[in-house]
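In case you want the letters, here they are:
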Amino acid sequence: MNNKVTYQCPSNIALVKYWGKKSGGPQLPANPSISLTLADLCATTTVEIAYGNVSGKPSFQFMLEGQIKKSFEPKIEQFLTKIWEHSQLVQNQTLVIQSQNNFPHGTGIASSAAGFGALACCIADLEFELYGAYPAGFDNFEKAASFLARLGSGSACRSLYAKPAIWGEHPDFNSSDLFAVPLDADIDPIFSTFRDAVLIVDSGEKSVSSTAGHALLTGNAYAESRYKVANQNLGNIVEAMKSGKMHSFINIVESEALQLHAMMMASSPYYLLMRPGTVAIIEKIWAYREKTGHPLMFTLDAGANVHLLYPENIHTEAMNFIETELLVFCENKQYLCTRTGTAPKKC
Ligand code: DP6
């Protein structure tokens, strides 16, 4: 029997954004979202069972890049406490967790989706190995791992699939608030070739964390309208992907990114995570698209960096555009380029 397992799990970028949580449940999204996994931005995590745990609370050691990381312990402890009732492994074993990211620190790229995704995969796998059942009574590895990952960080639950992942209930899809599912539809092949160039505008710590940002939607006068639009956008973006309507796809992706930031600006207290470089890049992208007709588009997460999305067939043009027009707005001329659409791998 194996008492040690390693998984590599990608990060993901949302096309329709999760922003806001339902009250009255642990980590339930106020609206459904859809994302692509980022193949080359990964966390690799090993979990080893060291010895039993009779303490009645989670017992673990956490190492990042080979070093004990005390500063991460509260987050891991909180996660293991949340999944405690669903996992015999966590209740009965001491876990030695070692993790590393394949993208550089200090780029402002959130690693929690990849990190919690990889840790959840390890726990679901070991649980099955030791106890013959997946956590929380799931009959399927991906659902169990996605369910666990969600309790670490909401967006992490979408990192489990090579196909676009939907998280959150929506009448058109067989989706759930508890875990993400892969999009079950035939989409135009162009959307399976997407690349993401992450343009590092600001590598600093964000002034408001995502978790605090979600909380500010409670009491936000625009929140209910935003949730309604996100529901419509999810239905419409999937239709655009099925019929190959790139123009509609771009409209929804960019509008979603701007709405995410608009909600931050309309929160109380209000805040602004875009930097001048973010806006300059967005305007360059619009001008370039107008001039060339190439289907390049931006999205944003809760920060200043810009994700430039484009299909594989214009990779050379996109690289040229970045080098000649966008790098000037990037901190230390940094950007990271990744393919999309990979599932976690057992190593
Ligand atoms: C802006 O998943 O980081 O990236 O659930 O509190 O951990 P918690 O928040 P998190 O929120 C990320 C939101 C987003 C949009 C998205 O990924 O859908």
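Refer to the structure above for everything that follows.
First things first, this report covers the structure right here in the doc.

Cut-offs used in this document
- Residues numbered from 1 in each chain as written.
- Predicted model: local features only at pLDDT ≥ 70, side-chain atom pairs only at ≥ 80, totals over all residues.
- Heavy atoms only, no water.
- Buried < 20%, exposed > 50% of the residue type's maximum accessible area, 1.4 Å probe, protein only.
- Helix = DSSP H or I, 4+ residues; strand = E, 2+ residues; numbered from the N terminus.
- Pairing = 2+ DSSP bridges.
- Salt bridge = Lys/Arg side-chain N within 4 Å of Asp/Glu carboxyl O.
- Expected span 1.5 Å × (residues − 1).
- Contact = heavy atoms within 4.5 Å.
- Polar contact = N/O pair within 3.5 Å; in protein donor to acceptor, adjacent residues only side chain to side chain.
- Near = heavy atom within 4 Å.
- Areas by Shrake-Rupley, 256 points an atom, 1.4 Å probe, with all protein chains shown as cover.
- Nonpolar A, V, L, I, M, F, W, Y, C, P; charged D, E, K, R; others polar.

1. Description of the pairing of strand E8 (residues 194-199)
By the criterion of burial, E8 is predominantly enclosed, with six of the six residues buried. Judged by which residues are buried, E8 turns out to be covered on both faces: Phe194, Asp196 and Val198 on one side and Arg195, Ala197 and Leu199 on the other are all buried. The sheet contact formed by E8 and strand E10 (residues 306-311) spans six bridges and is antiparallel. Bridge pairing in E10 links Ala197 to Leu308. The pairing of E8 with strand E11 (residues 335-339) spans five bridges and is classified as antiparallel. The residue of E11 that forms the bridge with Arg195 is Arg339.

2. Some words on the pattern of salt bridges
By the definition in use, this model includes nine salt bridges. For Asp177, the salt bridge goes to Lys22, with nearest N and O atoms at 2.5 Å. Residue Asp177 is located in the loop between strand E6 (165-167) and strand E7 (180-182), and its partner Lys22 is located in the loop between strand E1 (4-16) and strand E2 (33-52); the two are separated by 155 residues in the primary sequence. Its salt-bridge partner being Lys284, residue Glu325 comes within 3.7 Å of it at the nearest N-O pair. Taken together, the residues Glu325 in helix H9 (residues 315-326) and Lys284 in helix H8 (residues 276-292) connect sequence positions 41 residues apart. Residue classification places Glu325 among the partly exposed residues on the basis of a relative accessible area of 23%.

3. Structural notes on helix H4 (residues 141-152)
Look at H4: 17 Å from first C-alpha to last across 12 residues, which is about the 16 Å you get at 1.5 Å a residue. For H4, the buried fraction is high: 10 of the 12 residues fall into the buried class. The complete set of buried residues in H4 reads Phe141, Ala144, Ala145, Ser146, Phe147, Leu148, Ala149, Arg150, Leu151 and Gly152. Of the surrounding elements, those touching the buried residues of H4 are E1, helix H1 (73-83), helix H3 (112-131), E6 and E7. The distance from a side-chain oxygen at the start of H4 to the backbone nitrogen of Glu142 is 2.9 Å, and the residue carrying that oxygen is Asn140.

4. Let's talk about the site of the ligand
Contacts to the ligand come from 16 residues, most closely from Tyr18, Lys21, Ser153, Ser155 and Arg158. Measuring from an oxygen atom of the ligand, one finds a side-chain N or O atom of Tyr18 at 2.6 Å. Take Ser153: an N or O atom from its side chain is 2.7 Å from an oxygen atom of the ligand. Protein contact buries 91% of the 460 Å² of open area that the ligand shows by itself. Ranked by residues supplied to the shell around the ligand, first place goes to helix H5 (residues 210-215) with three residues. Each residue belonging to the shell around the ligand can be placed in one class, and the counts come to five nonpolar, seven polar and four charged.

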